[in-house]
Amino acid sequence: MSWINEVETPCYVIDERKLRENLETLAKVRAKAGCKILLAQKAYSAFATYPLIAEYLDGCTASGLFEARLGYEEMAQPFGRENHIFSPAYKDEEFDEIARICGHISFNNIKQFEKFKDRAKNASCGIRINPEHSTQEHGIYDPCGEFSRLGTTIANFPELPEGVEGLHFHTLCEQNADALAETLAEAEKKFGKFLGRIKWLNMGGGHHITRPDYDVELLVQTVRDVREKYGVEVYLEPGEAIALNAGYLITTVLDTFENGMNIAITDASAACHMPDVLEMPYRPNITGAGAPGEKPHTYRLGGNTCLAGDIIGDYSFEDKLSEGTRLVFEDMAIYSMCKNNTFNGIALPSIYLLRENGSPKLLKKFGYEDFKGRLS
């Protein structure tokens, strides 16, 4: 990885070759299952790569107006791909633009559909359902938990409203096909009487399709079965799977010292640049590093902010870290660029594309104006 010394830090690097590999896997699933696959922009919205994504997938899905505009301007309009949206609630002043640029609109409940249906006549409308069946332990990412605000339960879904053409459920997070099959069975128990009356079924995201151990054959069979049984068009909208392991965050060590253990301060921040490290939480891999104590020199890595908890994790290395050492955090294309922030006035990382020929290309550099422009 000689190119890491050619980039300024901190920076995100999108690996074009690995991105294409993921897209090729998804395209094979799409063809074998006979479904459509959309990019969930909430996880990955580096639109410089949308022309590549458009070669393989059917379009984008958005969680709000700005994502919908991005999908429309950078994929739907130039490449003729689909543009979908779901939001827990829509704002009156934004809805007409949403209806103009989105071909599919999913509503969180029947009340929302009834409110906006006359303004969405040119779109295919759907309702998000809640199967009330949890398959994961991360409560923050579980839409099927108690008192969930996402999706309509069968108790609140007495009949399929006239004009509704689709149903949508999204319940998974970084899971395998067995969780989807299990969730679909529960959805059929509760909402099966409606499935033969709709045109499309969106089975959401959270499918880790491009992970090496993912059960692709079970996914393909599950999609085929529901298509054949109900005569519906099936959509999947993975975000992580599209750019899984297809990006890095490169950082430079700014200082090292000892306080009960070795500590290193980096110019990358968990709080600012990889917030899922604190939110999920999880410990991202570093190329060449090991678990604490596995290699001769163990360090606690922290960001350069005032937050005491801005801790990335504990890692061990073959050699001592020193000022100027560069580290490569892996799997940093997803939920990083989309969620970063300028807390403490820390600059946003630059964005590079690692081209398939192995050379980095600067896509975007951020500066003071980007920080100031978020304030008043």
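Engineer: What's the story with empty space enclosed by the protein in this structure? I'm lost.
Structural biologist: The method is simple in principle: a probe with the dimensions of a water molecule rolls over the atoms, and the space it marks as empty is what remains. Here the structure, examined in full by the defined rule, presents one cavity of 30 Å³ or more. In this model, the largest cavity occupies a volume close to 40 Å³. Thr61, His84, Ile85, Phe86, His104, Ser106, His168, Trp200, Asn202 and Glu237 together form the lining of the largest cavity. Listed by contribution, the elements that provide at least two residues to the lining of the largest cavity are strand E4 (82-87), strand E5 (104-107) and strand E8 (200-202). Tallying contributions element by element places E4 first for the lining of the largest cavity, with three residues. Grouping the constituent residues of the lining of the largest cavity by class yields three nonpolar, six polar and one charged.

Engineer: I tried to follow the packing of helix H6 (residues 177-195) against helix H7 (residues 216-230) on my own but got confused; where do I start?
Structural biologist: Packed helices, taken two at a time, are described by their axes: the angle between them and the distance between them. Between H6 and H7, the least distance of the axes is 10 Å, while the angle of their chain directions is 10 degrees. Overall, the two elements H6 and H7 adopt an arrangement that is roughly parallel. Contact residues: H6 offers Ala177, Asp178, Leu180, Ala181, Leu184, Glu188, Gly192 and Leu195, while H7 offers Leu218, Leu219, Thr222, Val226, Lys229 and Tyr230. When the residues that make up the contact of H6 with H7 are grouped by side-chain class, the tally is nine nonpolar, two polar and three charged.

Engineer: Sorry if this is basic, but what is going on with the pattern of salt bridges here?
Structural biologist: When the charged atoms of two side chains with opposite charge come close together, those side chains can pair. Applying the stated criterion across every chain yields a total of 26 salt bridges. With a closest N to O distance of 3.2 Å, Glu165 and Lys199 form a salt bridge. Taken together, the positions of Glu165 in strand E7 (residues 164-168) and Lys199 in the loop between H6 and E8 put the pair 34 residues apart, joining distant regions of the chain. A network of salt bridges, in which partner residues are shared, links Arg69, Glu73, Glu97 and Arg100.

Engineer: Teacher, can you tell me more about a nonpolar patch on the surface here?
Structural biologist: Residues Leu278, Leu307 and Phe343 make up a contiguous nonpolar surface patch of about 230 Å² in total accessible area. Structurally, Leu278 can be placed in helix H10 (residues 276-279). For Leu278, a relative accessible area of 36% gives the class partly exposed.

Engineer: Explain helix H1 (residues 16-33) here, please?
Structural biologist: Helical periodicity: at 3.6 residues per turn, an α-helix aligns residues three or four positions apart in one direction. If you check H1, its first and last C-alpha atoms are 26 Å apart, about what 18 residues at 1.5 Å a residue would give, namely 26 Å. Those residues of H1 not exposed but buried are Glu16, Leu19, Arg20, Asn22, Leu23, Leu26, Ala27, Val29 and Ala33. Along its buried surface, H1 packs onto strand E1 (11-15), strand E2 (36-40), helix H2 (50-54), H7, helix H8 (240-243) and strand E15 (350-354). Positive phi shows up at Gly34, right after H1, with a value of about 75 degrees.

Engineer: It is not clear to me how the layout of surface pockets should be interpreted in this structure. Could you clarify?
Structural biologist: Considering only enclosed or pocket space, the second largest pocket measures out at about 650 Å³ in volume. Looking at the lining of the second largest pocket, its residues break down into 13 nonpolar, three polar and six charged.

Engineer: Is there a simple way to explain the sheet that holds E7 in this structure?
Structural biologist: One key point about sheets: their strands pair by backbone hydrogen bonds, in either a parallel or an antiparallel sense. Spatially, eight strands are ordered E2-E3-E4-E5-E6-E7-E8-E9 in a closed barrel, and the strand pairing comes out parallel. Recorded for the sheet is a direction-independent mean angle of 25 degrees between the axes of neighbouring strands. As paired elements, E8 and strand E9 (residues 233-236) share three bridges and run parallel to each other. The partner of Trp200 across the bridge, within E9, is Glu233.

Engineer: Is there a simple way to think about the environment of Thr342 in this case?
Structural biologist: Relative to the helices and strands, Thr342 is located in the loop between strand E14 (326-330) and E15. Taking relative accessible area as the criterion, Thr342 reaches 11% and is therefore assigned buried. Along the chain, Thr342 and Phe169 lie 173 residues apart, while their C-alpha atoms are 33 Å from each other. Look past the residues within four positions of Thr342 in its chain and what remains in contact with it is Leu348, Phe371 and Arg374.

Definitions and limits used
Residues numbered from 1 in each chain as written. Predicted model: local features only at pLDDT ≥ 70, side-chain atom pairs only at ≥ 80, totals over all residues. Heavy atoms only, no water. 1 Å grid on protein atoms, 1.4 Å probe; cavity = no way out; pocket = protein on both sides within 12 Å on 5 of 7 lines; lining within 4 Å. Points joined across faces, edges and corners; volume = space filled by probe spheres on them. Helix = DSSP H or I, 4+ residues; strand = E, 2+ residues; numbered from the N terminus. Nonpolar A, V, L, I, M, F, W, Y, C, P; charged D, E, K, R; others polar. Axes fitted to C-alpha atoms, helices over the stretch in contact; angles between N-to-C directions. Parallel < 35°, antiparallel > 145°, perpendicular 65-115°, else oblique. Contact = heavy atoms within 4.5 Å. Salt bridge = Lys/Arg side-chain N within 4 Å of Asp/Glu carboxyl O. Patch = residues over 30% accessible without salt bridge, like charges linked within 9 Å, V, L, I, M, F, W, Y side chains within 5 Å. Areas by Shrake-Rupley, 256 points an atom, 1.4 Å probe, with all protein chains shown as cover. Buried < 20%, exposed > 50% of the residue type's maximum accessible area, 1.4 Å probe, protein only. Expected span 1.5 Å × (residues − 1). Pairing = 2+ DSSP bridges.

Nothing here speaks to function; it is geometry throughout.
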